[in-house]
Number of protein chains: 2
Amino acid sequence: MAETEVKHRKILVAVCEGEESMYALSWCLNNFISRDSQDALILLYAKPPRVVYSALDGIGNLFSGDVIAAMERYSNEVAEGVIGKAKKLCQVVHRDIKVETKIEIGDPRDAICQMVESLGVDVLVMGSHGYGPIKRAFLGSVSNHCVQNVRCPVLIVKRPISTNGDS
Amino acid sequence: MAETEVKHRKILVAVCEGEESMYALSWCLNNFISRDSQDALILLYAKPPRVVYSALDGIGNLFSGDVIAAMERYSNEVAEGVIGKAKKLCQVVHRDIKVETKIEIGDPRDAICQMVESLGVDVLVMGSHGYGPIKRAFLGSVSNHCVQNVRCPVLIVKRPISTNGDS
């Protein structure tokens, strides 16, 4: 039953705008990866596909090309911001850890599961929600989907309840 | 964001008759607990409450006292067997690890969540199924319930698919 210890693990951390995923990354860095680790960390951000905001606005009119381009720029800035913040956090906790970053376009559930499969990831780490409240309303539970569909172990980290009662 | 490293974690591993939970324990010992760890491992087995088999048999007759006593003995033997196997596995992988064992009576979903809460567990580890196929049919997904209801991080370990196609 007991197998040899894995020394060079590929750990995929799904990150997003929400505090949950940054807390999950922080917890992973402090509790799962040892100081002398040879693990490789892959930070994945899944960007919503353009189709989500390129069809119609709220009153049934098509968005203009300018609006779509501005939305696309904003979406890219958010993605870069999230990945940048996550990378900085890794460097603060483990200065020498090998970090790779990925920005994928698509439903986060599919993007995460496909990345786990294609890279042969050893452990998937994610926040309990995985994605913010608006995306969650549309997408359902990302973490629950991933637990059911990936083959590797999944570490789900819940952010402690704050003193003002928010979760 | 980065917090100080936890040195003395309480890790609760939910074990049962199924191979999934023994694989999860093995994976945890090899991947989550370092050789020089000061972590405390708590092995929990949840035994079905007596009411499950003490009411009526399949044709509407009450079980006799002898049958109930025999079932109770069998249930205790299974619990002791599972806990014994799990403890042995811990000693093989980490000879010096501090291991505590618990046998609780009740729905495993409640038993696990209550134990996490009462002991102030830092990480919950369980197999992807948590319990065998018969119990699962009655109880639903134990791991999914626990992810939603405990406050600590949850590590769900799926047993790799075997070559004959079984999961």
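- For chain A, the name recorded in an unreviewed UniProt entry is UspA, with Dillenia turbinata as its organism.

### Notes on the overall build of chain A
Moving on, step 1. Helix and strand counts for chain A stand at six helices and five strands.
Moving on, step 2. For chain A, the N- to C-terminal ordering of α and β elements is β-α-β-α-α-β-α-β-α-α-β.
Moving on, step 3. The buried share of chain A, taken over its 167 residues, is 46%.
Moving on, step 4. Within chain A, residue pairs in contact and separated by at least 24 positions form 75% of the contacts whose partners lie at least 6 positions apart.
Moving on, step 5. For chain A, the exposed area adds up to about 8600 Å²; of that, 52% sits on carbon and sulfur atoms.

### Quick word on the pattern of salt bridges
Moving on, step 1. All told, the structure shown has ten salt bridges over all chains when counted by the stated rule.
Moving on, step 2. Glu100 of chain A is paired through a salt bridge with Lys102 of chain A; the nearest N and O atoms lie 3.4 Å apart.
Moving on, step 3. Judged by its relative accessible area of 38%, Glu100 of chain A falls in the partly exposed class.
Moving on, step 4. The class for Lys102 of chain A is partly exposed, based on a relative accessible area of 22%.
Moving on, step 5. Note that Glu19 of chain B and Lys85 of chain B form a salt bridge whose closest N and O atoms lie 3.5 Å from each other. Taken as a pair, Glu19 of chain B in helix H1 (residues 19-31) and Lys85 of chain B in helix H3 (residues 65-93) lie far apart in primary sequence, 66 residues in all.
Moving on, step 6. According to the relative accessible area criterion, Lys85 of chain B is partly exposed, its value standing at 43%.

### Some thoughts on the state of the cysteines
Moving on, step 1. Across all of its chains, the model carries zero disulfides over all chains by this definition.
Moving on, step 2. Residue Cys113 of chain A stays outside any disulfide, its sulfur separated by 4.1 Å from that of Cys146 of chain A, the closest cysteine.
Moving on, step 3. Residue Cys113 of chain A is classed as buried on the basis of its relative accessible area of 14%.
Moving on, step 4. Lacking any disulfide linkage, Cys152 of chain B is separated from the closest cysteine sulfur, that of Cys113 of chain B, by 9.1 Å.

### What to know about the pairing of strand E1 (residues 10-15) of chain B
All names here are of chain B.
Moving on, step 1. Among the six residues of E1, five are classified as buried, and the element is accordingly described as predominantly covered.
Moving on, step 2. Inspection of the sheet shows E1 paired to strand E2 (residues 40-47) by six bridges, in the parallel sense. If you follow Ala14 over to E2, its bridge partner there is Leu44.
Moving on, step 3. Since E1 and E2 lie parallel, the crossover through H1 that links them has a hand, and here it is right-handed.

Calculation rules
- Residues numbered from 1 in each chain as written.
- Chains lettered and ligands numbered in written order.
- Predicted model: local features only at pLDDT ≥ 70, side-chain atom pairs only at ≥ 80, totals over all residues.
- Heavy atoms only, no water.
- Helix = DSSP H or I, 4+ residues; strand = E, 2+ residues; numbered from the N terminus.
- Buried < 20%, exposed > 50% of the residue type's maximum accessible area, 1.4 Å probe, protein only.
- Contact = heavy atoms within 4.5 Å.
- Areas by Shrake-Rupley, 256 points an atom, 1.4 Å probe, with all protein chains shown as cover.
- Salt bridge = Lys/Arg side-chain N within 4 Å of Asp/Glu carboxyl O.
- Disulfide = S-S within 2.5 Å.
- Pairing = 2+ DSSP bridges.
- Right-handed = clockwise from strand over helix to strand, strands pointing away.

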